[in-house]
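# Chain and residue survey
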Number of protein chains: 2
Amino acid sequence: MENRATQLEQALRRAGVRVTRQRAALLRVIAGSEDHPDAAELHRRAEAAGAGVSLATVYRTLTTLQTQGVIEKLEFQGEPARWEAADQRHHDHMIDVDTGAVMEFTNDRIERLQAEIAAEMGYEIVHHRLELYVRRRG
Amino acid sequence: MENRATQLEQALRRAGVRVTRQRAALLRVIAGSEDHPDAAELHRRAEAAGAGVSLATVYRTLTTLQTQGVIEKLEFQGEPARWEAADQRHHDHMIDVDTGAVMEFTNDRIERLQAEIAAEMGYEIVHHRLELYVRRRG
DNA sequence: ATAAGTGCAAAGGTTTTGCAGTCGG
DNA sequence: CCGACTGCAAAACCTTTGCACTTAT
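My aim in this report is to walk through the structure given alongside it, one point at a time.

Conventions and cut-offs
- Residues numbered from 1 in each chain as written.
- Chains lettered and ligands numbered in written order.
- Predicted model: local features only at pLDDT ≥ 70, side-chain atom pairs only at ≥ 80, totals over all residues.
- Heavy atoms only, no water.
- Near = heavy atom within 4 Å.
- Polar contact = N/O pair within 3.5 Å; in protein donor to acceptor, adjacent residues only side chain to side chain.
- Helix = DSSP H or I, 4+ residues; strand = E, 2+ residues; numbered from the N terminus.
- Nonpolar A, V, L, I, M, F, W, Y, C, P; charged D, E, K, R; others polar.
- Pairing = 2+ DSSP bridges.
- Least-squares fit on C-alpha atoms with pLDDT ≥ 70 in both.
- Core = buried A, V, L, I, M, F, W, Y, C linked by side-chain atoms within 4.5 Å.
- Buried < 20%, exposed > 50% of the residue type's maximum accessible area, 1.4 Å probe, protein only.
- Contact = heavy atoms within 4.5 Å.
- Buried area = accessible area lost by both parts, 1.4 Å probe.
- Salt bridge = Lys/Arg side-chain N within 4 Å of Asp/Glu carboxyl O.
- Axes fitted to C-alpha atoms, helices over the stretch in contact; angles between N-to-C directions.

Now for the protein's contact with DNA strand C. Close contacts around DNA strand C come from 20 residues, with Tyr59(A), Thr20(B), Arg23(B), Ser54(B) and Thr57(B) the closest. The contact atoms of DNA strand C, taken as those within 4 Å of the protein, divide so that sugar and phosphate hold 69%. In this structure, Ser54(B) approaches DNA strand C through a side-chain N or O atom, which is 2.7 Å from a phosphate oxygen. One of the side-chain nitrogen or oxygen atoms of Arg60(B) is found 2.7 Å away from a base nitrogen of DNA strand C. Elements supplying a minimum of two residues to the surface near DNA strand C: α4 (55-67) of chain A together with α2 (21-31) and α4 (55-67) of chain B. Its residues assigned to classes, the surface near DNA strand C comprises eight nonpolar, six polar and six charged.

Let's shift gears to the pairing of strand β4 (residues 102-105) of chain B. All names here are of chain B. Across four bridges, strand β3 (residues 92-96) lies against β4 in antiparallel orientation. Residue pairing for β4: Asp-92 is matched across the bridge by Phe-105. Hairpin connection from β3 to β4: five residues lie between these consecutive antiparallel strands, with Gly-100 at a positive phi of about 85 degrees.

With an axial shift of 0.0 Å and an RMSD of 0.2 Å, the rotation relating chain B to chain A amounts to 179 degrees. Here the transformation between the copies is reduced to the relation of a two-fold axis. Scanning chain B for the C-alpha nearest the rotation axis identifies Leu130(B), at a separation of 2.2 Å.

Formed by 22 residues in total, the largest nonpolar core has its most connected members in Met94(A), Val134(A), Met94(B), Leu132(B) and Val134(B). When contributions to this core are tallied by element, the ones reaching two or more residues are β4 (102-105), α5 (108-120) and β5 (123-136) of chain A together with β4, α5 (108-120) and β5 (123-136) of chain B. Contact partners of Val134(A), with chain neighbours within four places excluded, come to Met94(A), Ile95(A), Asp96(A), Val97(A), Met103(A), Ala118(B), Tyr123(B), Glu124(B), Ile125(B) and Val126(B). In terms of nonpolar packing, the next biggest core, distinct from the first, is built from 20 residues, Leu26(A), Leu27(A), Val70(A) and Trp83(A) among them.

Lining the immediate environment of DNA strand D, one finds 20 residues, of which Arg18(A), Gln22(A), Ser54(A), Thr57(A) and Tyr59(B) sit closest. Here DNA strand D approaches the protein such that, of its atoms within 4 Å, sugar and phosphate make up 68%. Ser54(A) is positioned such that a nitrogen or oxygen atom in its side chain is 2.6 Å from a phosphate oxygen of DNA strand D. Contributing elements (two or more residues each) for the surface near DNA strand D: α2 (21-31) and α4 of chain A together with α4 of chain B. When grouped by side-chain class, the residues that make up the surface near DNA strand D number eight nonpolar, six polar and six charged.

Below, the discussion takes up the interface of chain B and chain A. With 35 residues of chain B at the contact, the number on the chain A side is 35 residues. In total, about 3,500 Å² of surface goes out of reach between chain B and chain A, with carbon and sulfur atoms giving 61% of it. When the area that chain B buries against chain A is broken down by residue, the three leading residues are Tyr123(B), Arg129(B) and Arg137(B), summing to 21%. Put simply, chain B and chain A have four salt bridges between them. Note that Glu116(A) and Arg109(B) form a salt bridge whose closest N and O atoms lie 3.9 Å from each other. Counting across the chain B and chain A interface gives 18 residue pairs in polar contact (both at pLDDT 80 or more). Elements represented by at least two residues in the side of chain B that touches chain A include exactly β3, β4, α5 and β5 of chain B. With 14 residues, the single largest contributor to the side of chain B that touches chain A is β5(B). Its residues assigned to classes, the side of chain B that touches chain A comprises 18 nonpolar, seven polar and ten charged. Pairing geometry for β5(A) and β5(B), over 13 bridges, is antiparallel.

The subject of this paragraph is the sheet that holds β5(A). Taken together, six strands build an open sheet; the order of strands is β4(A)-β3(A)-β5(A)-β5(B)-β3(B)-β4(B) and the sheet is mixed. Whereas interior strands pair on both sides, the edge strands pair on one side only; in this sheet they are β4 of chain A together with β4 of chain B. For this sheet, the mean angle separating the axes of adjacent strands, direction not counted, is 25 degrees. Taken strand by strand, α5(A) contacts β3 (92-96) and β5 of chain A together with β3, β4 and β5 of chain B, and its axis lies near 135 degrees from that of β5(A).

Okay, the pattern of salt bridges next. Summed over all chains, the structure comprises 22 salt bridges over all chains. The salt bridge involving Glu9(B) is made with Arg28(B); its shortest N-O contact spans 2.6 Å. Separated by 19 residues along the polypeptide, Glu9(B) in helix α1 (residues 2-14) and Arg28(B) in helix α2 bring together distant segments of the chain. Residue classification places Arg28(B) among the partly exposed residues on the basis of a relative accessible area of 29%. Here the salt bridges share partners, and the residues they tie into one network are Glu75(A), Arg129(A), Glu131(A), Glu75(B), Arg129(B) and Glu131(B).

The structure is reproduced here in structure tokens:
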């Protein structure tokens with residue numbers, strides 16, 4: 001993840017985005033997170049790592065990184081926005097309504113059907129959101 | 001829609017929910033709306049109809065009506081929540097990212113696939129959210 | 001009668017922003 | 001060097017809530 005963060009820094013610089021101490025720290029926090037933290041949580045983790053970043057900068061950085069395609073924003077029902085690294089292959093989310101656990105899944109057939117539906121109506125998909133709010137069977 | 005609103009009033013009373021002047025007015029606004037208005041817009045429409053309802057009551061009423069299963073809450077990306085009557089059959093939404101237009105669609109195959117995916121992982125679906133953010137082809 | 005509902009204004013939680021100072025390229 | 005970036009505090013935004021008053025049943 002150190003490496004991944006370093007790669008991203010170079011990509012950002014190439015794109016003309018300055019790599020400040022704060023941004024470098026956040027890149028490392030994000031690269032090292034396997035879950036789906038919100039801005040406050042990322043701020044906490046950055047501080048815990050001794051970063052010295054303001055919450056305002058966390059928000060601004062998240063927007064910047066999203067624009068650069070480095071991270072993706074998740075907005076589950078009525079919670080603060082969460083974020084995840086964008087370096088994985090596309091997937092959707094399943095949320096356990098009892099525990100709040102977030103799981104990931106993919107299904108090519110659903111993807112294709114979505115594209116077909118849009119095409120039939122004369123549109124193309126820019127992006128989509130598929131969330132399953134679920135409960136353990138019992 | 002007058003009739004629909006009246007039906008709903010009776011259902012509410014049966015459920016032990018009081019039908020106040022404000023709630024009756026909102027029921028009529030909702031029954032007469034074919035789009036997906038947010039709380040502020042519903043408030044405006046109610047006021048335009050001479051209702052005399054506070055915005056706080058609009059919010060409280062929306063929550064109540066949702067609990068009663070009369071309306072459904074839609075939370076599209078980063079906008080205030082929107083609402084729609086729940087008297088229709090289930091459908092998902094397609095949002096034109098350029099115009100903001102919201103269209104509805106259904107696809108049984110997608111519905112079935114979702115249930116299968118959840119089942120495979122040992123869950124059952126409580127509810128789901130499928131939104132296609134699209135752009136006109138050209 | 002009386003519990004449920006309302007209006008108002010204040011507070012809540014998340015996110016954005018203006019401004020003056022700082023720093024990366 | 002200088003424009004992009006930051007911190008701080010204030011504001012914006014949508015939504016909820018406490019309290020005293022009103023009203024549907």
